[in-house]
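# Observations on the model geometry
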Amino acid sequence: MDRIKMSTPIVEMDGDEMTRILWKWIKDELILPFVDLKSEYYDLGLPNRDKTGDKVTIEASDAALKYGVAVKCATITPNAQRMTEYHLHKMWKSPNGTIRSIMDGTVFRAPIIIPSIHPLVKGWEKPITIARHAYGDVYKNTEIRTDEPGTAMLVFQGESGKRQEHVIHDFSGPGVIQGIHNTDKSIHSFAESCFKFAVESKQDLWFATKDTISKTYDARFREIFNEVFEKEYKEIFKELGIVYFYTLIDDAVARVIRSKGGFIWACKNYDGDVMSDMLSTAFGSLAMMTSVLVNPDGKYEYEAAHGTVTRHYYRYLKGEETSTNPIATIFAWSGALRKRGELDHIDELQNFGNQLEGACFDTLNAGISTKDLVHLMEGVEAKPVNSKDFIAAIRANLEKRIV
């Protein structure tokens, strides 16, 4: 068969460790034989980020805004150990944080559900989508470690000359201080993205913060969400028969556990980071979750929500086989290619994205899986295989679907 033609490139952001290995296998076996891939490639592996002074991450983000669709491999956010291991010049910030800051928008994460894996929360009947704000908070923080007594101040010097200052704490000894921020513009973009996604998917939207404690910072999120809803979406939600409501984050957690699922849960940046991991694990696995960053102008960046699978990478370097789950990374590719086809009106490319995901489901529903899913599967005879054999089985099912 002729390979599917593309008219506009997608932005390809390569990554680190075991997910980088899977990335190449997925491209070689599941993408390139079927699609005449047009991509603008950026190596976001930690060695290249260090070599370029992290400029490559900025360039990749700008390209994503230019072309409108990107697909990203998992990457390392370095800590002290990584500084030594990779001989880094600097402890570079999270590439995801940089990308999200430049693109501005919301990360939507939802579990990939198959019949043989039942949620650990028995009442959940439908997927729960996390809408995670993609800017600010601890991901854009400034921190100080002090080793002496003193006074920590929060100061804002306005361009008008107006000055605001508050005492954070009078230290009697060593301690730590953290400054975080957000902007009305970014919060407004977050709200718009969440309401649009709720309308498109016809799902209820929940939003939760802790404005009883954070009476200015978190309260600003609540205020802007309410303003956008009342002004733009109240009547649309009413016509569609869907609901928006705000509650405290601790109340939301209790409601989510008691719910049947089937809604969007909007969270601030860190809350969304934590809660999406909780949800994906409760639905089965971190490797069984889709993740897409959507900015208000309709630009998309698809990625896997999990890390670089370091432990498996070290085994791979020793020549050992690994059974690493590639599903989330495959779904990042299928989502990006489908969206590219949708934006460029290429039906064949949209269909390929659907068939690639269908081939994954065919494989899993036959009981062929990586080891992380075997103990979760019910009602099928689970057959654990290594990563290469798993991808080969998906390719065989893909070929059956697109002949």
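Below or above, wherever it landed, is the structure these notes cover.

Conventions used here
Sequence order sets the numbering: in each chain, residues are counted from 1 along the sequence as written. Only residues with pLDDT of 70 or above have their local features reported here, since the model is predicted, and side-chain atom pairs are shown and tallied only from 80 upward, although totals for entire chains, interfaces and linings are computed over all residues. To obtain the side-chain values, all non-hydrogen atoms of the structure were used and water was disregarded. Secondary structure elements are taken from DSSP: a helix is a run of H or I of four residues or more, a strand is a run of E of two residues or more, and numbering for both begins at the N terminus. Here, two residues are considered to be in contact whenever any of their heavy atoms come within 4.5 Å of each other. Areas reported here follow the Shrake-Rupley algorithm with a probe of radius 1.4 Å; residue values treat only the protein chains shown as occluding. In summary, the charge assignment counts Lys and Arg as positive and Asp and Glu as negative, without counting His or the chain termini. To locate a charge, take atom NZ for lysine, CZ for arginine, CG for aspartate or CD for glutamate. Only protein atoms enter the 1 Å grid used here, on which a cavity is any set of points holding a 1.4 Å probe that cannot leave and a pocket is any open set flanked by protein within 12 Å on both sides along at least five of seven lines; residues with an atom within 4 Å of a point are listed as lining. Grid points are joined across faces, edges and corners, and a volume is the space filled by probe spheres set on the points. Only Asp, Glu, Lys and Arg are considered charged in this grouping, and only Ala, Val, Leu, Ile, Met, Phe, Trp, Tyr, Cys and Pro are considered nonpolar; every other residue, Gly among them, is considered polar. By the convention used here, strands pair only if DSSP detects at least 2 bridges between them. A fitted line through C-alpha atoms represents every axis, and for helices the fit uses only the stretch in contact; the resulting angles, taken between N-to-C directions, go from 0 to 180 degrees. Side-chain rings of Phe, Tyr and Trp (the six-membered ring for Trp) are treated as a pair once their centres are within 6.5 Å; stacked means planes under 30 degrees apart, edge-to-face means over 60, and tilted covers the remaining angles. Criterion for a charge above a ring: Arg CZ or Lys NZ at most 6 Å from the ring centre, at most 35 degrees from the ring normal. Here the term buried applies to any residue with accessible area under 20% of the maximum for its type, exposed to any over 50%, and partly exposed to those in between, with areas from a 1.4 Å probe on protein chains only.

## Focus on the overall build of the chain
- Each helix and strand counted, the chain has 14 helices and 18 strands in total.
- With the C-alpha coordinates aligned to their principal axes, the bounding extent of the chain is approximately 70 × 55 × 45 Å.
- Expressed as a percentage of contacts within the chain between residues at least 6 apart in sequence, the contacts between residues at least 24 apart total 76%.
- For the chain, the accessible area works out to roughly 19200 Å², and carbon and sulfur atoms hold 52% of it.
- Averaging the locations of the 50 positively and 57 negatively charged side chains of the chain gives two centres separated by 1 Å.

## Here we look at the layout of surface pockets
- Taken as a whole, the largest pocket encloses approximately 700 Å³ of empty space.
- If you go around the largest pocket, you meet 31 residues; those closest to its centre are Phe108, Phe197, Val292, Val294 and Tyr302.
- Contributions of two or more residues to the lining of the largest pocket are made by β6 (106-111), α6 (184-201), β15 (289-294), β16 (300-304) and α11 (327-344).
- Residues belonging to the lining of the largest pocket are distributed by class as follows: 14 nonpolar, 9 polar and 8 charged.
- Taken as a whole, the second largest pocket encloses approximately 460 Å³ of empty space.
- Along the wall of the second largest pocket there are 19 residues; nearest its centre are Leu154, Ile168, Gln178, Gly179 and Ile180.
- Counting only elements with at least two residues in the lining of the second largest pocket, the list comes to β8 (142-146), β9 (150-157), β10 (163-171) and β11 (175-179).
- With 5 residues, the top contributor of residues to the lining of the second largest pocket is β9.

## Quick notes on the sheet that holds strand β14 (residues 263-267)
- A sheet is described by the order of its strands in space; here 10 strands give the open sequence β4-β2-β5-β16-β15-β6-β7-β14-β12-β13, paired in mixed fashion. Strands with a single pairing partner mark the edges of an open sheet, and in this sheet they are β4 (39-43) and β13 (244-248). Ignoring which end each strand starts from, the neighbouring axes of this sheet average 20° apart.
- As paired elements, strand β5 (residues 69-72) and β16 share 4 bridges and run parallel to each other. The residue of β16 that forms the bridge with Val71 is Tyr302.
- Running at roughly 140° to strand β2 (residues 10-14), helix α1 (residues 17-31) makes contact with β2, β4 and β5 of the sheet.
- In the packing of α11 onto the sheet, contacts are made with β2, β5, β15 and β16, and the angle to β16 comes to roughly 165°.

## What about the packing of aromatic side chains?
- In total, this model carries 24 aromatic pairs according to the counting rule given.
- In textbook terms, an aromatic cluster arises when at least three aromatic residues are bridged by ring pairs, as seen for Phe190, Phe195, Phe207, Phe225, Phe229, Tyr233, Phe237, Tyr244 and Tyr246.
- Above the plane of the ring of Tyr139 lies Arg132, whose end atom (NZ or CZ) is 5.0 Å from the centre.
- The ring of Phe221 has Lys268 sitting right over it, with the charged end atom 5.8 Å from the ring centre.

## What about the environment of Met6?
- Turning to its location among the elements, Met6 is positioned in the loop between β1 (4-5) and β2.
- Under the relative-accessibility criterion, Met6 is labelled buried at 7%.
- Beyond its immediate sequence surroundings of up to four residues, Met6 is in contact with Val35, Asp36, Leu37, Lys38, Leu337, Arg340, Ile346 and Leu349.

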